[in-house]
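Close look at the chain arrangement
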Amino acid sequence: MITKDFIINSAKRVGFDLVGVVPAEPLAEQRKCFEEWLLAGNHSTLSYLERNIDKRFNVQQLVENSHSVIVCGVSYLSQYSRGYSEGYCAKIASYALNDDYHVTIKAMLAELAEELKKVSPELKFRAFVDSAPVAEKSLAVRAGFGWIGRQSLVVNPKLGTMFHLGELIIDDVVDEYDTPMEGVNCGNCRKCVEACPNQAILESRLVDTRRCISCRTIEREGCNDNIKLDGWIFGCDACQSVCPFNQHAPLHRNPKFDPRIDPYELTPERWQTMTEEEFKAIASTTPMTRSGLERIKNNLEK
Ligand code: SF4
Ligand code: SF4
């Protein structure tokens, strides 16, 4: 058995800001909310969300013999996370200015697993970062990171919302598990709801992806709609920038999450004339490769 203290100290050494450990148990209540959201069609063309629901809300079905989930969080909040100058119209979500977090966090989780194997050589694990069907936000809440804010993201009272999540699912039990944070929530604040350019935030603390700029600029297909992009060309931070918890949170401390790109240097004119070679040189390690140059250029025109 590994101790929770050892896990937390190891994860902090690796560079995570938040660490919690929860038992690998089904998340029945969260599954119900998710299914209601799907039934209402709020996932639009993101059909992958309809698949693997059993695995998504039951870690034991995703990873055989799993007993515990180590939930890790790391801040990426930078000087670009708290909003752009009025009228700037080549806005990029601040996480996308960094190296791709999937790669960075996967490597950090692998490092953490190696640390754990020093005390438990037979340990079996699998690492996940926003790619497999894992109910990351529900696990983070269960691990005591914070609560689900009105804009559907986990709010941590110290770090705000601009942190990435990653999970290490292990086949061992831990001496002590975390519990959800109590007595904290959004109170009367509705800043994120009011800041959303397309009123995409639903009263149920979920987002209608049909109206969300982040989904529209990156993932969603069938873009012949009239969704207002409000100057965003990749992702959208509008509902997070205004959150009082992000306004007061410290900037990220892990240098792996330093921005690689200054979005003010990439003006609309620069984007318009950019070649694929230039795009590769500028953005090949960032999440912006996910949508590609052509889509970014198209987004400029909306
Ligand atoms: S990411 Fe942008 S469009 Fe989507 S809910 Fe937040 S503010 Fe609205
Ligand atoms: S902006 Fe306000 S309502 Fe929205 S998540 Fe932050 S605290 Fe909650």
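Please read these numbers as outputs of a predicted model, since none were measured by experiment. (Residues numbered from 1 in each chain as written. Chains lettered and ligands numbered in written order. Predicted model: local features only at pLDDT ≥ 70, side-chain atom pairs only at ≥ 80, totals over all residues.)

1. Some thoughts on the overall build of the protein
As a reminder, the rule being used: A run of DSSP states H or I qualifies as a helix once it reaches four residues; a run of E qualifies as a strand once it reaches two. Both are numbered from the N-terminal end. Exposure in this text rests on C-beta crowding, where 20 or more other C-beta atoms within 10 Å of a residue's own make it buried, 12 or fewer make it exposed, and counts in between make it partly exposed. The C-beta atoms are placed from the backbone. A residue pair is marked as a contact if its C-beta atoms, positioned from the backbone, fall within 7 Å.
Looking only at helices and strands, one finds 13 helices and 8 strands in the protein. Principal-axis analysis of the C-alpha atoms gives the protein an extent of 55 × 40 × 35 Å. Taken across its 302 residues, the protein has 41% of its residues classed as buried. Sequence separation of at least 24 residues holds for 78% of the intrachain contacts in the protein that already meet a minimum separation of 6.

2. A look at the packing of helix α1 (residues 4-14) against helix α5 (residues 101-119)
For the record, the criterion: For every element, the axis is a line fit to its C-alpha atoms; helices are fit only across the contacting stretch, and the angle between N-to-C directions ranges from 0 to 180 degrees. Small angles under 35 degrees read as roughly parallel and large ones over 145 as roughly antiparallel, with 65 to 115 read as roughly perpendicular and the rest as oblique. Each crossing is labelled by how the near helix is turned from the far one, with a counterclockwise turn of less than a right angle marking it left-handed and a clockwise turn marking it right-handed. Amino acid classes used here: Ala, Val, Leu, Ile, Met, Phe, Trp, Tyr, Cys and Pro are nonpolar; Asp, Glu, Lys and Arg are charged; the rest, including Gly, are polar.
Their axes nearest at 9 Å, the elements α1 and α5 cross at an angle of 140 degrees. Viewed along their axes, α1 and α5 adopt a mutual orientation that is oblique. Between α1 and α5 lies a crossing of right-handed hand. Residues Phe 6, Ile 7, Ser 10, Ala 11 and Val 14 of α1 lie in contact with α5, whose contacting residues are Met 108, Glu 111, Leu 112, Glu 115, Leu 116 and Val 119. Grouping the amino acids of the contact of α1 with α5 by side-chain chemistry returns 8 nonpolar, 1 polar and 2 charged.

3. As for the environment of His 252
Locating His 252 in the fold gives a position in the loop between α10 (244-248) and α11 (268-272). Accessibility expressed as a C-beta count within 10 Å gives 22 for His 252, which makes it buried. Not counting residues within four places of it along the chain, the set of residues in contact with His 252 comprises Ser 75, Tyr 76, Leu 77, Ser 78 and Phe 257.

4. A closer look at the nonpolar core
To keep things clear, this is the line we draw: What we call a nonpolar core is a set of buried Ala, Val, Leu, Ile, Met, Phe, Trp, Tyr and Cys residues whose membership is set by joining through C-beta atoms within 7 Å.
Core analysis: the biggest nonpolar cluster contains 80 residues, and Ile 70, Val 71, Cys 72 and Ile 169 have the highest contact counts within it. For this core, the element with the highest residue contribution is α5, accounting for 6 residues. Each residue touching Cys 72, except ones within four places of it in the same chain, is listed here: Ala 11, Phe 16, Leu 18, Val 19, Leu 109 and Gly 166.

5. Some points on the site of ligand 1
For the record, the criterion: Being near a molecule or strand means, for a residue, that its backbone-placed C-beta atom lies within 6 Å of it.
Of all residues adjacent to ligand 1, which total 14 residues, the nearest are Cys 196, Cys 212, Cys 236, Ala 238 and Cys 239. Among the secondary structure elements, those contributing two or more residues to the shell around ligand 1 are α8 (213-218) and α9 (238-241). Residue classes in the shell around ligand 1 are distributed as 11 nonpolar, 3 polar and no charged.

6. Notes on the sheet that holds strand β1 (residues 18-23)
Stated precisely, the cut-off is as follows: Only strands joined by at least two bridges in the DSSP assignment are considered to pair.
If you walk across this open sheet you meet the 4 strands as β1-β2-β7-β4, and the pairing is antiparallel. A strand with exactly one partner marks an edge of an open sheet, and here the two such strands are β1 and β4 (125-128). The average undirected angle you get between the axes of adjacent strands in this sheet is 20 degrees. Here β4 pairs with strand β7 (residues 163-170) via 4 bridges, running antiparallel. Residue pairing in the sheet places Phe 128 in a bridge with Glu 167 of β7. Along the sheet, α1 makes contact with β1 and β2 (68-75), crossing β1 at roughly 145 degrees. Each of β2, β4 and β7 touches α5; the most contacted strand, β7, lies at about 40 degrees to it.

7. Overview of the pairing of β2
Across the 8 residues that make up β2, a large majority, 8, are buried. In β2, alternate side chains face the same way, and those of Ser 68, Ile 70, Cys 72 and Val 74 on one face and Val 69, Val 71, Gly 73 and Ser 75 on the other are all buried. Bridge count for β1 against β2 is 6 bridges, and the pairing is antiparallel. By the bridge assignment for β2, Val 21 is matched with Ile 70. Sheet topology places β2 next to β7; 8 bridges connect them, and they run antiparallel. From the neighbouring strand, Val 69 faces β7, where its bridge partner is Ile 169.

8. Concerning unusual backbone geometry
What is expected of a backbone is that most residues other than glycine have negative phi and most peptide bonds are trans. Look at Ser 152: it is not a glycine, yet its phi comes out positive at around 80 degrees. The residue Gln 199 is not glycine, and still its phi comes out positive at about 50 degrees. With respect to the element layout, Gln 199 can be found in the loop between α7 (191-195) and α8. For Gln 199, a count of 10 C-beta atoms within 10 Å gives the class exposed.

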